[in-house]
Amino acid sequence: MKKYSIFSVIGNALSYHRNWQRAWRNPDPKPRYDAVIVGGGGHGLATAYYLAAEHGLRNIAVLEKGWIGGGNTGRNTTIIRSNYLYDESVHLYDHAVKLWADLSQVLNYNVMYSARGVMMLAHNTHDVQSFKRHIYANRLNGVDNEWLTPGEAKDFCPPLSLDPKARYAIVGAALQRRGGVARHDAVAWGYARAADALGVDIIQNCEVLEIRSDNSGAVERVVTSRGAIEVRKVGVVAAGHTSVVMGRAGLRMPLESFPLQALVSEPVKPIFPCVVMSNTVHAYISQSDRGELVIGAGTDQYVSYSQTGGLHVATHTLEAICELFPVFTRLRMLRNWGGIVDVTPDRSPIIGRTPVQGLYVNCGWGTGGFKATPGSGHVFAHTIAHDKEHPINAPFTLERFRTGRLIDEAAAAAVAH
Amino acid sequence: MLLIRCPYCGPRAEIEFRGGGEAHIARPIDPAATSDAQWADFLFFRSNSRGPHAERWLHAYGCQRWFNAVRDTVSDRITTTYKSGEPRPR
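Here's what I pulled together on the structure shown here. (Residues numbered from 1 in each chain as written. Chains lettered and ligands numbered in written order. Predicted model: local features only at pLDDT ≥ 70, side-chain atom pairs only at ≥ 80, totals over all residues. Heavy atoms only, no water.)

### Structural notes on the overall build of chain A
The helix and strand tally for chain A stands at eleven helices and 19 strands. Compactness check: chain A gives a C-alpha radius of gyration of 21 Å against a globular reference of 22 Å for 417 residues, within 12% of the reference. If one aligns the C-alpha atoms of chain A with their principal axes, the spans along those axes are about 65 × 65 × 40 Å. Expressed as a percentage of the 417 residues in chain A, the buried residues total 58%. Contacts in chain A between residues at least 24 apart in sequence constitute 75% of all its contacts with a sequence separation of at least 6. Summing over all exposed atoms, chain A offers an accessible surface of approximately 16900 Å²; the carbon and sulfur share of this is 53%. (Helix = DSSP H or I, 4+ residues; strand = E, 2+ residues; numbered from the N terminus. Rg over C-alpha atoms; globule rule 2.2 N^0.38 Å. Buried < 20%, exposed > 50% of the residue type's maximum accessible area, 1.4 Å probe, protein only. Contact = heavy atoms within 4.5 Å. Areas by Shrake-Rupley, 256 points an atom, 1.4 Å probe, with all protein chains shown as cover.)

Here you go:
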């Protein structure tokens, strides 16, 4: 892999940018791998990268049904934060935030991580009590989170309206300054390029049709749309389609897949300096470097794989945005779309082994998986390489639904479930 | 937005309804004799089908009655609705 640097930009400019090396190869699947990752989104590619970089597994492949980063990685609102309530969640999400800090340097790919602060608005007494509880819990875990008065919130985010006559007036806010955003596509591409440089085969347009086990019940082969592959370790990272893929190994999952919508406005000059979220009126918003306002809406109430949601769901969010930020009332929306999010009963992810030997699963990130991409890949790679959970993801096994040790983060998640 | 045919009131807009999740999940008759795995399966594990999916709906802002629907989760097209207690149509 040729390193990206100021010198490579200048050098390639001299040849009119015709000689850039391909970011990753386009190989055909080999008949045998040491490990296969099913799903070429951010989490899957990160898993492959850390398997190769930290655990020395080089004869591995990422199998992607469509194109890499074409699912939820390319459809989310790119918010990064770790202000979760419970110790288990904080450890998991803050592990990711720490990896985000120098990810661009590690991957030699600019993922445009911008720690511009995530501010969550409180509109009533319940919000105030809940957020302060989160703040104190976070501080006990060494995670930054602070309380802002309405005036301080307005100073941090000038477009915010403090109109006391608003239906849901703002009474304060919780701010995590290390939170922020990153460029979603670049995360997938950066991990893909770095993994490819370490010998990982990234195979696109290759759907896994069946995951077969031998007589002892251990994985021995995956059958794909591009031929069979002998492999003893399979990691499924298929987001909204996890139930479908795991069904091909004969397993049921505690998951339901819902459409979650996002939309962007027409591009405008820099006006919005941070990320603002409101659970109560259900809106979250930030501004991309291209100038579009990136707005997240809610999930539909029914299981669907359609990658589109109801217009009334997006409308609800835009009404909330217009009340919080009357300055945006006349902005036009440019595009909206849906992604399929796999939601667990306790709104925490599942990362670990499964009842099938050699089959591992990383799923259930629901409405907030992007922020965890590096940490998720890091601990999942450890799980696959050692056939044992990393201490950080040990509480997040599939087994917890049988033992009852749930991690009920529903109140801490950004989206009202 | 879906157009949902309530078996009691006829076709109405989705905002009149509340989704109730997968249909035809029977609570184990004797919980004390049910294993943890079976109980977890009842509480948490779902078919999450890609394709025809039987699900419960409540006509919350109408007749307030529960009923079932079969909907294709890829096209979101509802093929049939039927009253609770009736078997899933073939």
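So much for the structure itself; the text now carries on.
### Regarding the overall build of chain B
From N to C terminus, chain B includes one helix and six strands. Reading the helices (α) and strands (β) of chain B from amino to carboxyl end gives β-β-β-α-β-β-β. The principal-axis extent of the C-alpha atoms belonging to chain B is close to 40 × 30 × 25 Å. Counting over 90 residues, chain B shows a buried share of 37%. Of the contacts made within chain B by residues no fewer than 6 positions apart, 46% connect residues no fewer than 24 positions apart. When the accessible surface of chain B is summed, it comes to about 5300 Å², and 50% of that surface belongs to carbon and sulfur atoms. Taking the average place of the 13 positive charges on the side chains of chain B and the average place of its 10 negative ones, the gap between the two points comes to 6 Å. (Lys, Arg positive; Asp, Glu negative; His and termini not counted. Charge placed at Lys NZ, Arg CZ, Asp CG, Glu CD.)

### Side note on the packing of aromatic side chains
The tally for this structure, following the rule as stated, stands at 17 aromatic pairs over all chains. With 5.8 Å between their ring centres and 85° between their planes, Y93 of chain A and W365 of chain A make a pair best called edge-to-face. Of this pair, Y93 of chain A sits in helix α3 (residues 87-101) while W365 of chain A sits in the loop between β19 (359-363) and α10 (373-386), and the two are 272 residues apart along the sequence. The residues Y93 of chain A and W365 of chain A share a single accessibility class, namely buried. Connected via pairs of aromatic rings, a cluster forms that spans Y302 of chain A together with F17, W57 and F67 of chain B. It is R167 of chain A that lies over the ring of Y168 of chain A; its NZ or CZ is 4.5 Å from the centre. The aromatic ring of Y8 of chain B is capped on one face by R65 of chain B, whose charged end is 3.8 Å from the ring centroid. (Phe/Tyr/Trp six-rings, centres within 6.5 Å; stacked < 30°, edge-to-face > 60°. Lys NZ or Arg CZ within 6 Å of the ring centre and 35° of its normal.)

### Notes on the environment of A169 of chain A
Residue and element names in this part refer to chain A. Note that A169 resides in the loop between α6 (150-156) and β6 (172-176). A169 gets classed as partly exposed once you look at its relative accessible area, which sits at 22%. Along the chain, A169 and N124 lie 45 residues apart, while their C-alpha atoms are 8.0 Å from each other.

### Section: the pairing of strand β11 (residues 227-230) of chain A
All names here are of chain A. Both strand β10 (residues 219-224) and β11 contribute to a ladder of four bridges, which runs antiparallel. The residue of β11 that forms the bridge with V222 is I229. Hairpin connection between β10 and β11: a loop of two residues separates the two successive antiparallel strands. (Pairing = 2+ DSSP bridges.)

### Some remarks on the side chain of E14 of chain B
Looking at the element boundaries, E14 of chain B is found in the loop between β2 (10-13) and β3 (18-22). At 7.9 Å, R18 of chain B is the nearest oppositely charged side chain to E14 of chain B, a buried residue that forms no salt bridge. Engagement of the side chain of E14 of chain B in a polar contact is seen with the side chain of Q301 of chain A, the distance being 3.4 Å. Ignoring any residue separated from it by four or fewer positions in sequence, one finds E14 of chain B in contact with D300, Q301, Y302 and H312 of chain A together with M1, L2, I4 and W57 of chain B. (Salt bridge = Lys/Arg side-chain N within 4 Å of Asp/Glu carboxyl O. Polar contact = N/O pair within 3.5 Å; in protein donor to acceptor, adjacent residues only side chain to side chain.)

### Description of the pairing of strand β4 (residues 118-122) of chain A
Residues and elements named next belong to chain A. Burial analysis of β4 places five of its five residues in the buried class, which makes it a mostly covered element. Burial along β4 is two-sided: V118, M120 and A122 facing one way and M119 and L121 facing the other are all buried. Direction of pairing for β4 relative to β6: antiparallel, over a ladder of five bridges. Within the sheet, the bridge partner assigned to L121 lies in β6 and is A173. Bridge analysis of β4 against strand β14 (residues 275-278) gives three bridges, and the strand direction is parallel. Within β14, the residue paired with M119 across the bridge is V276.

### Considerations on a nonpolar patch on the surface
Residue and element names in this part refer to chain A. A cluster of nonpolar side chains, I6, F7, V9, I10, L14 and W20, forms an exposed patch at the surface whose accessible area comes to about 660 Å². Along the polypeptide, V9 turns up in helix α1 (residues 6-14). On the basis of relative accessibility, which here comes to 42%, the residue V9 falls in the partly exposed class. (Patch = residues over 30% accessible without salt bridge, like charges linked within 9 Å, V, L, I, M, F, W, Y side chains within 5 Å.)

### Some points on the sheet that holds strand β15 (residues 283-287) of chain A
Residues and elements named next belong to chain A. Taken in spatial order, the eight strands line up as β5-β6-β4-β14-β15-β16-β13-β17 in an open sheet, and their pairing is mixed. Only two strands of the sheet have a single neighbouring strand rather than two, namely β5 (146-148) and β17 (333-343). Here the average twist between neighbouring strands, direction ignored, is 25°. Against the sheet, helix α9 (residues 311-324) contacts β4, β13 (256-265), β14, β15, β16 (293-299) and β17, and its axis sits at roughly 130° relative to β16. (Axes fitted to C-alpha atoms, helices over the stretch in contact; angles between N-to-C directions.)

### Structural notes on the environment of P27 of chain A
All names here are of chain A. Tracing the sequence through the fold places P27 in the loop between α1 and β1 (35-38). Taking the C-alpha atoms as reference, P27 lies 9.8 Å from A61; in sequence the two are 34 residues apart. In this view, P27 contacts D201, I202, I203 and R226; residues no more than four positions away in its chain are not counted.

### Structural notes on the environment of E88 of chain A
Residues and elements named next belong to chain A. Looking at the secondary structure, you find E88 in helix α3. Between the alpha carbons of E88 and G366 there is a distance of 17 Å; along the sequence they are 278 residues apart. Beyond its immediate stretch of four places on either side in the chain, E88 contacts P395, F396 and I407.

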